[in-house]
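In case you want the letters, here they are:
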Amino acid sequence: MALLNTSIPNLIGGVSQQPDSVRFDGQCEEQTNAISSVVDGLSKRPNTQHIAKLVSSAISSNSFVHFVDRSDAEKYVIIHDGTALKAWNLDGTPCTINGSASYTTSGLSYINTSTPRQDLKALTVGDTTFLLNTTKTVNASSTTTPALDRLAVVTILQGDYEKDYSVSATIIYSTADNATPTSLTETFTSLAADASAGGQNASSETIATGLKGKMDDTAEGNALLRMDTHFTIVQQGNSLYLTQVPTISDSSLNSDLTTSAFQISTSDGLADTGMNVAYREIESITELPAKNKNGFRIKVRGQPDLNEDDYYVEFVSNNNSLFGKGSYTETVGFEISTGIDNATMPHKLVSTAPNTFTLAEASYTTRQAGDDDTNPQPSFVSPDANTPRTISNIFFFKNRLGFLSEDKVIMSEAGQPFNFFRTTVTTLLDGDPIDVQVSSQKVTNLKSATGFQENLILFAENSQFVLKGGELLTPRTVSVTPVTNFDSSSTVNPIPLGAYMYFPYESGSFSGVREYTINASTDVYDSTEITEHIPSYIPKNVYMFDGSSTEDALAIVSSDEPSSIYVYRYFFNGQKKLLSSWFKFTLDGNVKGLSFSKSNLFIVLSKNSETHLLNMPFESNLKDTGVQHNTYLDMRRAVSVPGGATSFSLSSFYTPTDNSVQVYTTDGALVQTTNSGATVNLTAGALHASNATSVWVGIPYTMTYTFSKLLFQAAQGQSKTPSAAGTLMLKSASVFYANTAHFDVKVTPEFRDTKTNTFNPNIINSTTIGLQLDDGHFRVPVFSQADDTTITIENSSALPSNFQSAEFEVNAHQRSRRF
């Protein structure tokens with residue numbers, strides 16, 4: 001039997017659920033409240049620092065929590081608890097919403113929901129946070145554009161000698177008991193020029209004057225058959241403006257005549273080239289006079305068999321004069337919806353000043369051009385009551401606000417996040433809104449969209465698409481291509497971190513996470529499952545998912561285990577991943593929200609019927625100010641205890657469970673105390689100072705790291721594999737540590753009691769006062785079969801512990817050698 005030793009070069013590999021025989025060095029059976037770091041090795045996880053008590057009650061599991069990171073000085077958390085919307089600065093300062101510290105959501109039906117976590121999504125762009133209710137049907141505005149004026153303009157284009165000019169109108173009018181079409185015709189013949197006129201043609205204005213006189217001639221026939229009975233006629237230069245009279249009075253009838261739309265035409269002795277009429281629609285804008293009435297509107301037809309090239313114009317006179325010269329500008333069609341009903345669209349929460357917000361409907365831009373054929377409603381708007389449509393998610397990409405609805409992607413005008421209509425229908429502009437449908441053989445309901453490496457990655461529940469647009473994203477260049485078919489969770493959005501994107505998925509009763517990337521040389525998208533070795537570790541129903549590129553970390557919370565945060569740490573050296581470690585943090589309470597801000601993980605936690613805001617710093621080599629160590633207490637607060645005091649209160653901070661609180665001096669000494677709720681009692685003589693003493697108060701938590709089982713392995717080529725030809729008797733285990741003040745190593749042989757070995761630094765000849773940190777190794781005896789022994793490192797104190805590696809001394813018995 002040979003005495004051998006073997007080592008584990010590091011302890012940062014995280015948890016693995018693979019058999020012990022195939023695990024990598026450094027992977028473990030269990031890692032709780034310990035964090036893996038390429039700098040510090042394996043350390044006790046950072047403590048949570050108590051910032052503020054947000055609510056004196058525990059918000060429900062249905063509460064919606066959203067974090068806003070505007071700047072270092074302005075970071076906020078927004079909470080919708082089902083009845084009210086509230087906000088706080090991440091320094092704990094309450095904010096106001098519409099002048100109140102608590103905005104009752106019943107006053108705004110769009111965000112009034114009893115299940116806000118399931119129904120609401122938020123997106124922050126600059127000062128504005130868009131709040132989307134995914135259950136609300138989006139409707140068109142019930143307000144319609146003005147009807148077309150019953151106004152026709154007859155223009156004399158050319159006056160000529162002894163030619164006829166006529167205007168014909170067909171008018172439909174009705175009484176209570178009949179409807180009779182009536183055709184009216186007025187004809188004017190220009191007079192012959194006298195000798196003094198020199199035979200010149202009559203001017204177009206003269207013809208217009210004469211024609212108006214004929215229309216106004218009361219001596220002509222039945223009053224009901226005269227133009228001036230049915231129209232108010234105004235002359236402006238060579239143009240006549242005929243405005244239809246809506247009601248005609250006639251003493252011979254029992255009731256007045258009500259007129260409806262009319263038809264009008266012109267003819268002349270110049271092969272119908274001497275005059276024209278503009279009413280309702282024309283074939284070309286060149287048919288309109290250079291001078292016109294301000295506000296005159298008309299439709300310009302394109303090709304007769306197409307509606308997509310029609311457009312509408314309105315005359316705008318110079319200086320807004322009633323008549324005169326001006327220009328024709330494009331306008332919107334007649335009697336159609338002006339756009340989108342703002343009450344059914346995402347609302348906006350705007351930061352107007354530090355710690356001050358306003359919540360209101362967003363004013364989405366109305367339709368300014370075209371009609372339902374040339375400039376239709378966006379695809380997320382319900383076409384009718386029988387076809388309701390909702391918005392499933394919201395995003396911002398390349399200066400466009402975007403929505404997902406069923407299998408469609410709708411993006412606003414570039415630089416105009418509230419406009420989803422084209423500003424002109426005569427030409428397609430690069431900045432126009434984008435409205436595209438995803439093509440797939442599967443039924444596709446898009447759930448999220450995330451910008452990634454200059455493209456937009458669209459996620460459905462079981463497939464991914466890429467939306468791209470060349471150098472510029474325009475309606476002409478946009479394309480959507482299916483790229484991969486991976487399952488993904490619909491409850492949280494994917495997270496882009498560095499050159500990769502991460503998204504969770506569900507598998508049975510558990511969740512997994514994929515690492516998504518694109519090959520720069522082949523433009524091929526692919527993903528790697530980073531939870532393949534822990535298939536039953538993370539519970540399903542993930543509802544919080546965030547990451548930090550500063551700390552190369554992901555954080556996941558499941559509603560099935562709300563008191564735990566599952567953490568993934570990774571580290572790339574070029575294209576090679578040197579660290580891929582999973583572990584979990586457990587907290588005394590339920591996590592209701594979390595978000596990374598650089599190296600800080602902010603947490604909203606409900607505990608003991610209260611809701612608190614905490615901060616967990618992920619930075620390496622964590623130290624308190626003025627000392628060389630950190631005090632590891634959850635919900636930690638600094639408290640100044642008056643000299644000679646026998647107790648103090650935490651009621652302004654939080655209410656802990658009885659006897660759950662520990663108190664440490666800033667130099668690392670444990671103060672003997674008990675607590676009854678928020679009252680902390682000092683044991684006699686615990687603090688001797690006559691002056692006030694600053695102490696750390698918080699709740700202790702336990703770090704646990706359980707080694708994988710040590711197996712007998714024999715050389716096989718360049719590596720080692722398990723062998724049945726030998727056995728290992730574990731003699732001792734050594735743990736290498738640095739900057740450490742306390743930990744326990746527990747050894748549990750199968751069917752035998754646990755032996756606890758405690759480390760406390762004992763530095764000989766040291767004159768250091770206060771907490772002493774030590775570097776070195778700690779050797780513990782084992783004397784049991786290696787594969788039947790469980791070895792665990794624990795640290796239940798508030799003192800630091802950092803571990804680099806481990807070494808095992810074994811007696812090996814080998815019956816045969818491998819060749």
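Scope of this entry: the structure provided in the associated data block.

Conventions adopted
- Residues numbered from 1 in each chain as written.
- Predicted model: local features only at pLDDT ≥ 70, side-chain atom pairs only at ≥ 80, totals over all residues.
- Heavy atoms only, no water.
- Helix = DSSP H or I, 4+ residues; strand = E, 2+ residues; numbered from the N terminus.
- Buried < 20%, exposed > 50% of the residue type's maximum accessible area, 1.4 Å probe, protein only.
- Contact = heavy atoms within 4.5 Å.
- Areas by Shrake-Rupley, 256 points an atom, 1.4 Å probe, with all protein chains shown as cover.
- Lys, Arg positive; Asp, Glu negative; His and termini not counted.
- Charge placed at Lys NZ, Arg CZ, Asp CG, Glu CD.
- Pairing = 2+ DSSP bridges.
- Axes fitted to C-alpha atoms, helices over the stretch in contact; angles between N-to-C directions.

1. Re the overall build of the chain
- A tally of helices and strands in the chain yields three helices and 64 strands.
- Summarising its shape, the C-alpha atoms of the chain cover approximately 140 × 75 × 50 Å along the three principal directions.
- Per-residue burial for the chain yields a buried fraction of 50% across its 819 residues.
- Pairs at least 24 apart in sequence give 61% of the contacts found in the chain among residues at least 6 apart.
- Total accessible area on the chain stands at roughly 36,500 Å², and carbon and sulfur atoms take up 46% of it.
- Here the chain holds 55 positive side-chain charges and 82 negative ones, and the gap between their average locations is 10 Å.

2. Looking at the sheet that holds strand S22 (residues 281–282)
- The strand order across the open sheet formed by five strands is S22-S24-S25-S26-S23, and the pairing between neighbours is mixed. The open sheet has two edge strands with one neighbour each: S22 and strand S23 (291–293).
- Pairing of strand S25 (residues 311–317) with strand S26 (residues 323–331) involves six bridges; the strand directions are antiparallel. Within S26, the residue paired with Phe315 across the bridge is Tyr328.

3. A word on the pairing of strand S35 (residues 464–468)
- Where burial is concerned, most of S35 is hidden: four out of the five residues are buried.
- Sheet topology places strand S34 (residues 455–459) next to S35; four bridges connect them, and they run antiparallel. Bridge pairing links Leu458 to Phe465 in S35.
- In this antiparallel pair of consecutive strands, S34 and S35, the connection spans four residues.

4. Some thoughts on the sheet that holds strand S30 (residues 400–405)
- Spatially, S29-S30-S31-S32 is the arrangement adopted by the four strands of the open sheet, whose pairing is antiparallel. Where the open sheet ends on each side, the last strands, each with one partner, are strand S29 (393–397) and strand S32 (434–437). The average undirected angle you get between the axes of adjacent strands in this sheet is 20°.
- Note that S30 and strand S31 (residues 408–411) share four bridges and pair antiparallel. Bridge pairing in S31 links Ser405 to Lys408.

5. A look at the environment of Gln49
- Within the element layout of this structure, Gln49 appears in strand S6 (residues 49–55).
- Gln49 gets classed as partly exposed once you look at its relative accessible area, which sits at 24%.
- Distance from Gln49 to Arg150, taken between C-alpha atoms, is 72 Å for residues 101 residues apart in sequence.
- Excluding its chain neighbours within four sequence positions, the residues that come into contact with Gln49 are Leu613, Leu614, Asn615, Pro617 and Arg636.

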